[in-house]
Number of protein chains: 2
Amino acid sequence: MPKITDERREERRLQIVHAAMRCVAAQGFHKTTMADVIRESGMSAGAVYGYFRNKEDLIIAIADKAMSLADRTIGELLETDPLPTLSAMVEHITTAITGFQQGEQGDITRVAVVVWAEAIRDESVRALVTARFQVIRGRYAELVRAQQRAGRLDPAEDPELVARALFGLMPGFVLQRLLMGDLDPETYARAVRGLQRISDTP
Amino acid sequence: MPKITDERREERRLQIVHAAMRCVAAQGFHKTTMADVIRESGMSAGAVYGYFRNKEDLIIAIADKAMSLADRTIGELLETDPLPTLSAMVEHITTAITGFQQGEQGDITRVAVVVWAEAIRDESVRALVTARFQVIRGRYAELVRAQQRAGRLDPAEDPELVARALFGLMPGFVLQRLLMGDLDPETYARAVRGLQRISDTP
């Protein structure tokens, strides 16, 4: 085999991951076969198996790709000065999510919904998803801590607790966008701002 | 056939719907067959077909059952005097959701996640789910309007807009509860209250 550069290798790897995402979004994880992914990737079976031994390897690669994007998005927010407000954070994160939708990997939010369903039925997928949810939610807690440092939230509030609500807003964005088609990041940010404005004093 | 009372008829109908929910939660909608539901229900094929002609009829019955429960829960909130705070509303709704989990129909939240995934792949399931999401979200807007009437939110805010964020909190509760297992209604309500306390002024 001719030697290929690391860059070319990564490019090919992504080509396969994107093909796998399109397959999973279209027909679910269970129905997707390595043969489907090979066909969709336009590469040879030998080439694909050189990168991924089986479907499980592929779903890990998909989950890791979603995770690294979440990680980068939150990193950008933490580095922005002055710190974006909570609703601006929601807009930035949901913009990143909808950016996925326009990427060549097909619709990553569709893949996400499929993977959630697999996760509640399949122990190994569940372990994989749960571990990544934990990490992402931990990063959301960093966003809450940053709001505390910026003087916008009482330091006595538990950032890990509040992160459950911030994280909890995202699946609802994905579902409403996919199923009702009437939600964009700016609208959702305004909706969250409205929710925040409701006084919780009886 | 001997005559049966309306009550007995409704009871049998529910017995089938609950069996269908257990099947769908365990193996997804696509894999579930009428034969599975018949076996799970413990009834005869003739009896089951007397209530539901096919799988589509069953998924409509499942969706309608979830909807009527959502409807009842929101009705209870609107009738409570004094009006519960937003976080108390979140606690009441998520309590109703987790109440489903303990019901004999198996875990309705698991069914929900499976149905979301089917909805993005199957046009007819999607139409069904989208229509019900629209109605439930409209009911959430009524909760926001009630908060406005109670003087807890500026009447200038758009209740249909804010309802997108309130509705948007629920799938994230379901997923975190199912996949991370560390969320209960009271904790989520406190998390939402924390989120509301973050000042959105830069």
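Residues numbered from 1 in each chain as written. Chains lettered and ligands numbered in written order. Predicted model: local features only at pLDDT ≥ 70, side-chain atom pairs only at ≥ 80, totals over all residues. Heavy atoms only, no water.

An unreviewed UniProt entry annotates chain A as AcrR family transcriptional regulator of Nocardiopsis aegyptia.

Asker: Looking at this model, I keep getting lost on the packing of aromatic side chains. Mind explaining?
Answerer: With the rule as written, the count across this model stands at 7 aromatic pairs over all chains. Ring centres of B:Tyr140 and B:Phe167 lie 5.7 Å apart, and the angle between their planes is 70 degrees; this geometry places the pair in the edge-to-face category. Of this pair, B:Tyr140 sits in helix α7 (residues 123-149) while B:Phe167 sits in helix α8 (residues 159-179), and the two are 27 residues apart along the sequence. Comparing B:Tyr140 with B:Phe167 shows no difference in burial state: the two are buried. With a centroid separation of 5.2 Å and an interplanar angle of 45 degrees, the aromatic rings of B:Phe173 and B:Tyr188 are classed as tilted. Linking B:Phe173 in helix α8 with B:Tyr188 in helix α9 (residues 185-197), this pair joins segments that are 15 residues apart in sequence. Pair check on accessibility: B:Phe173 and B:Tyr188 agree, each one buried. One aromatic cluster is present, formed by A:Phe133, A:Tyr140 and A:Phe167 through successive ring pairs. (Phe/Tyr/Trp six-rings, centres within 6.5 Å; stacked < 30°, edge-to-face > 60°. Helix = DSSP H or I, 4+ residues; strand = E, 2+ residues; numbered from the N terminus. Buried < 20%, exposed > 50% of the residue type's maximum accessible area, 1.4 Å probe, protein only.)

Asker: Explanation requested: the UniProt feature "DNA-binding region" (unreviewed entry) in chain A in the structure shown.
Answerer: Using the residue numbers shown here, the UniProt feature "DNA-binding region" (unreviewed entry) corresponds to residues 33-52 of chain A. What you have in residues 33-52 of chain A is 75% helix and 0% strand, and the ends, taken at the C-alpha atoms, are 12 Å apart. (UniProt positions renumbered as here; feature names shortened; annotations may be inferred.)

Asker: Would you mind going over unusual backbone geometry with me for this structure?
Answerer: Leaving glycine aside, a negative phi is the common case for residues, and trans is the common case for peptide bonds. The amide bond that connects A:Asp81 to the next residue, A:Pro82, takes the cis arrangement and shows omega of -5 degrees. Positionally, A:Pro82 belongs in the loop between α4 (55-79) and α5 (86-102).

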